[in-house]
Each structure stands twice: as C-alpha cells, then as structure tokens.
Amino acid sequence: MTPALPRPTEGDVVDLILTDHRLFEDLLRALRDVTSDRRDVVATLAELLVAHGEAEESKVYPSLRMKQAIDAHEVEHGEQEHAEGYQTLLPLLEAADVDSEEFSSSIHEFSETLLHHLDEEERDILNPARTDVTAYDRARLGADWAAERNRLLDEGCGSADQVRRLVRDAEKRSGSLP
Ligand SMILES: [Fe+2]
Ligand SMILES: [Fe+2]
C-alpha cells in the first residue's frame, strides 16, 4: 500500500508546493518499479495530481496574477500543462494490464509530461512567487491552497470518470470540442 498522503495546513506556498513536487517524483519512481502495487500507485498519483493542480488553478495562479507576479500567458500555460497531465494519466487509470509494454510506455509519456510541468512551474511560477510576493502573502496563499487541496483529497477527486471530465472540460476551453 502507498502511504497515506500528508495533509499540511499551513506554510509558505512555495515550500508546500515543492513538498508535493518531491512526492510526485517519488510516486513516479514507485510506478516504474515492477514490484510495486502499480494500481495503488496510479490511484494515489491521480488523487494527488488533481487535488494539487486544481488547488493551484483556483487558489494560487489567480492570486499571483492579481499581484502581477505572473501574466495571463503563464496562467494559461500552467493550466494547459495540467490538462496534458490528466490526458496522459488516463491510459494508466484505464489500463487492463499493468505489466504490459503498453503500460510501460504510458508511464513514460506521463512521467515526461509531469516532470516537464514541475520544471516549468518551479522556474516560471514559483520563482516570481519567491521574489515578487511577500512572505506574509505566501503564507496566506499556502493556507488557502492547502485547504482546497485537502478538501479535494478528502472528497475523492482522482477517479477515471473525474479525470475524463477534466480532460473534456479542458478540450472545451481550448475550443477543440463544441
Ligand atoms: Fe505544482
Ligand atoms: Fe502545477
């Protein structure tokens, strides 16, 4: 069994987000390991990916934008990368055989997509949060983000249906679906 996800309630938003990013890296490593309970790891990753990313979109990005730490393009780019994360996660959630070659290449796709986003978010969004936002505001944002993330985790947010809905919503937003 994958250990229960931590539920921090306060802290600097940059530190809190980085702690989850390390957790994503650990979970990806566990997912690559054929001796892991891969279904359990995928389920944990799905819950954390949705709770973490949706809480960034509703609590962190808009506030950093209002403080002019990031611009509309960075917000949109971050949201688009979250959607790509959900899209590449879906084949893992839907897989019939977690020991197949196909599953292994789906892990690769998802891993590349997620690691790419962690890198960009840390350079282009967390850096301005470090330099252009006060420690007081980062702490306030940290509490807001954590509360929303934990609420989503407690509610259950990473089922295949929920992830499919997020992918569809993103496709609608980007205009590729009616
Ligand atoms: Fe993040
Ligand atoms: Fe993110």
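What this report covers is the structure whose coordinates are included nearby.

### Digging into the overall build of the protein chain
Scanning the protein chain from terminus to terminus reveals six helices and zero strands. Counting from the amino terminus, helix and strand elements in the protein chain follow one another as α-α-α-α-α-α. Relative to its length of 178 residues, the protein chain is compact, with a C-alpha radius of gyration of 16 Å against a globular reference of 16 Å. Seen through its principal axes, the protein chain has C-alpha atoms that stretch 50 × 40 × 30 Å. A total of 178 residues make up the protein chain; the buried ones form 47% of that total. Within the protein chain, counting contacts between residues at least 6 apart in sequence, those at least 24 apart form 80% of the total. Taken as two groups, the 20 positive and 40 negative side-chain charges of the protein chain have centres that lie 4 Å from each other.

### Regarding the coordination of the iron ion (ligand 2)
Four donors placed tetrahedrally around a metal ideally meet at 109.5 degrees, and six donors placed octahedrally ideally meet at 90 or 180 degrees. Note on the iron ion (ligand 2): its protein donors are E56 (OE), H82 (NE2), H117 (NE2) and E121 (OE). The metal-donor distances range over 2.1 to 2.3 Å. One can describe the site at the iron ion (ligand 2) as irregular: its four donor atoms subtend angles covering 80 to 169° at the metal. In primary-sequence terms, the residues that donate to the iron ion (ligand 2) follow E-x25-H-x34-H-x3-E. The metal-metal distance between the iron ion (ligand 2) and the iron ion (ligand 1) is 3.2 Å, with E56 coordinating both. Separated by 35 residues along the polypeptide, H82 in helix α3 (residues 72–94) and H117 in helix α4 (residues 101–132) bring together distant segments of the chain. Both residues of the pair, H82 and H117, belong to the buried class.

### Side note on the nonpolar core
The tendency in soluble globular proteins is for nonpolar side chains to be buried as a group. Within the largest apolar cluster, 31 residues are counted, with the highest numbers of intra-cluster contacts made by L31, L92, F103 and F110. Among the elements of the structure, α1 (13–32), α2 (38–66), α3, α4, α5 (135–155) and α6 (160–173) are those that each provide at least two residues to this core. When residues of this core are assigned to their parent elements, the largest contribution, eight residues, is made by α2. I17, V60, L141 and W145 belong to the second-largest nonpolar core, a separate cluster that totals 19 residues.

### Considerations on unusual backbone geometry
With glycine set apart, most residues show a phi of negative sign, and most peptide bonds adopt trans. Positive phi, close to 60°, is recorded for Q68, a residue that is not glycine. Looking at where Q68 falls in the secondary structure, it is placed in the loop between α2 and α3.

### Let's talk about the coordination of the iron ion (ligand 1)
With distances of 1.9 to 2.2 Å, the protein atoms coordinating the iron ion (ligand 1) are H21 (NE2), H52 (NE2), E56 (OE) and E121 (OE). Here the iron ion (ligand 1) binds four donor atoms, and the angle range of 74 to 169° at the metal identifies the geometry as irregular. Linear spacing of the donor residues for the iron ion (ligand 1) on their chain is H-x30-H-x3-E-x64-E.

### Considering the packing of α2 against α5
Two packed helices can be described by the angle between their axes and the distance between those axes. Here α2 crosses α5 at 150°, and the two axes come no closer than 8 Å. Relative to α5, the crossing made by α2 is right-handed. In terms of residue class, the contact of α2 with α5 is built from ten nonpolar, three polar and seven charged.

### Regarding the pattern of salt bridges
Where charged atoms from two side chains of opposite charge approach closely, those side chains can pair. Taken as a whole and judged by the stated rule, the model has eleven salt bridges. One network of salt bridges, with partners in common, ties together K67, D137 and R140.

Rules used in this analysis
- Residues numbered from 1 in each chain as written.
- Chains lettered and ligands numbered in written order.
- Predicted model: local features only at pLDDT ≥ 70, side-chain atom pairs only at ≥ 80, totals over all residues.
- Heavy atoms only, no water.
- Helix = DSSP H or I, 4+ residues; strand = E, 2+ residues; numbered from the N terminus.
- Rg over C-alpha atoms; globule rule 2.2 N^0.38 Å.
- Buried < 20%, exposed > 50% of the residue type's maximum accessible area, 1.4 Å probe, protein only.
- Contact = heavy atoms within 4.5 Å.
- Lys, Arg positive; Asp, Glu negative; His and termini not counted.
- Charge placed at Lys NZ, Arg CZ, Asp CG, Glu CD.
- Donors = N, O, S within 2.8 Å, 3.2 Å for Na, K, Ca; no water.
- Tetrahedral: all angles 85-135°; square planar, octahedral: opposite > 155°, others 65-115°.
- Core = buried A, V, L, I, M, F, W, Y, C linked by side-chain atoms within 4.5 Å.
- Axes fitted to C-alpha atoms, helices over the stretch in contact; angles between N-to-C directions.
- Left-handed = near helix turned anticlockwise from the far one by under 90°.
- Nonpolar A, V, L, I, M, F, W, Y, C, P; charged D, E, K, R; others polar.
- Salt bridge = Lys/Arg side-chain N within 4 Å of Asp/Glu carboxyl O.

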